[in-house]
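# Per-entry structural report
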Amino acid sequence: METCDTLKRERNNSSDMVKVAPSMLSSDFSKLGQELVRVEEAGADWAHLDVMDGAFVPNITFGAPVVKAIRPCSGIVFDVHLMIQDPIRYVKDFADAGADYITVHTEAEGDIEGALRRIRELGKHPGISLNPDTPVESIERYLALVDQVLVMTVQPGFGGQKFRDNGPSKIAAIRKMISASGRDILISVDGGINRETGKMCVDAGADVLVAGSYLFRFEDMAPEIALWKQW
Ligand code: DX5
Ligand code: ZN
């Protein structure tokens, strides 16, 4: 996967510009590989891949075999969002399948700290996510272990929901916690992101905007992505 590694290095070193991560949940699953190419060519930094288990959230999407199948289609960074219980069971499968970032939920059952350590041992970037009603303090204990905090601004499980207004203040609070930690950690925001809510989140301190239904409504999402990256 030399192409993928090269792309990732260039992007990580390029600047501290806002990163845009289209959520493939809103793409056409019948041609997922082509959809990846489409978002990469539109200038997206990462492809956000939502894994749901029908237990942590009501829906089921796809697992590691699908991630592995689409990995050769594109060199784009794979940002895998695990909405699953007891995630430590599956982190190796997703690492082997070609994930770059693997994020687990603080609310999930099981050994979350162990899952984050395992992701790091596997040479991938660990992330911790929290739901809209989960207080920011719940992730503080994981900051020493992660490269990304994924702030949910909708209840996980479905695309196309309305942005929760407490998102920006949570992002600002997490930004302060990260500064105090002295670590270099990206803040991503996921759920109900559009031109208006995305700008609010960037102003509050978000680094990565995850967006599904809003971006995929554009036949050509390149101008929208370019606009967001300038914020
Ligand atoms: C929701 C997922 C999101 C979802 C966002 O559980 O984690 O990534 O795709 O979709 P929109 O942008 O439509 O809210
Ligand atoms: Zn997601």
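Residues numbered from 1 in each chain as written. Chains lettered and ligands numbered in written order. Predicted model: local features only at pLDDT ≥ 70, side-chain atom pairs only at ≥ 80, totals over all residues. Heavy atoms only, no water.

Take the sheet that holds strand 5 (residues 125–130) next. In space, the eight strands of this open sheet follow the order 1-8-7-6-5-4-3-2, with parallel pairing throughout. In this open sheet, the two strands that pair with only one neighbour each are strand 1 (19–22) and strand 2 (46–52). For this sheet the average axis-to-axis angle between neighbouring strands, irrespective of direction, equals 25°. Bridge count for strand 6 (residues 148–152) against strand 7 (residues 186–190) is five bridges, and the pairing is parallel. When the sheet's bridge partners are listed, Met152 is paired in strand 7 with Asp190. Against the sheet, helix 5 (residues 112–121) makes contact with strand 4 (101–105) and strand 5, and its axis sits at roughly 150° relative to strand 5, the strand it touches most. (Pairing = 2+ DSSP bridges. Helix = DSSP H or I, 4+ residues; strand = E, 2+ residues; numbered from the N terminus. Axes fitted to C-alpha atoms, helices over the stretch in contact; angles between N-to-C directions. Contact = heavy atoms within 4.5 Å.)

The textbook angles at a metal center are 109.5 degrees for a tetrahedron of four donors and 90 or 180 degrees for an octahedron of six. Coordination of the zinc ion (ligand 2) by the protein comes from His48 (NE2), Asp50 (OD), His81 (ND1) and Asp190 (OD), over a distance range of 2.0 to 2.3 Å. Classification of the site at the zinc ion (ligand 2) as octahedral follows from its six donor atoms and the range of 71 to 171° in their angles at the metal. Each donor residue of the zinc ion (ligand 2) lies on one chain, and together they are spaced H-x1-D-x30-H-x108-D. Separated by 109 residues along the polypeptide, His81 in strand 3 (residues 77–83) and Asp190 in strand 7 bring together distant segments of the chain. Asp190 sits in the buried class, given a relative accessible area of 9%. (Donors = N, O, S within 2.8 Å, 3.2 Å for Na, K, Ca; no water. Tetrahedral: all angles 85-135°; square planar, octahedral: opposite > 155°, others 65-115°. Buried < 20%, exposed > 50% of the residue type's maximum accessible area, 1.4 Å probe, protein only.)

We now examine the environment of Gly98. By secondary structure assignment, the location of Gly98 is in the loop between helix 4 (91–97) and strand 4. Considering only alpha carbons, one finds Gly98 and Ala115, 17 residues apart in sequence, at a separation of 17 Å. The residues touching Gly98, leaving out its near neighbours within four places in the chain, are Arg71 and Phe78.

Taken as a whole, this structure holds five aromatic pairs when the rule is applied. Ring geometry for Phe29 against Phe62: centres 5.8 Å apart, planes inclined by 70°, an arrangement best described as edge-to-face. Of this pair, Phe29 sits in the loop between strand 1 and helix 2 (32–41) while Phe62 sits in the loop between strand 2 and helix 3 (64–70), and the two are 33 residues apart along the sequence. By relative accessible area, which is 39% here, Phe29 ends up partly exposed. Between Tyr214 and Trp228 the ring centres are 5.9 Å apart and the planes differ by 15°, which places this aromatic pair in the stacked class. Highlighted residues: Tyr214 in helix 8 (residues 213–216) and Trp228 in helix 9 (residues 222–229), separated in sequence by 14 residues. Like Tyr214, the residue Trp228 is buried in the burial classification. (Phe/Tyr/Trp six-rings, centres within 6.5 Å; stacked < 30°, edge-to-face > 60°.)

Before going further, it helps to spend a moment on the pattern of salt bridges. Taken as a whole, this structure holds 14 salt bridges when the rule is applied. Of the charged contacts, one joins Asp45 and Lys229 as a salt bridge, the two residues approaching to 3.4 Å between their closest N and O atoms. Of this pair, Asp45 sits in the loop between helix 2 and strand 2 while Lys229 sits in helix 9, placing them 184 residues apart in sequence. By relative accessible area, Asp45 is classed as buried at 7%. A relative accessible area of 17% means that Lys229 is categorised as buried. (Salt bridge = Lys/Arg side-chain N within 4 Å of Asp/Glu carboxyl O.)

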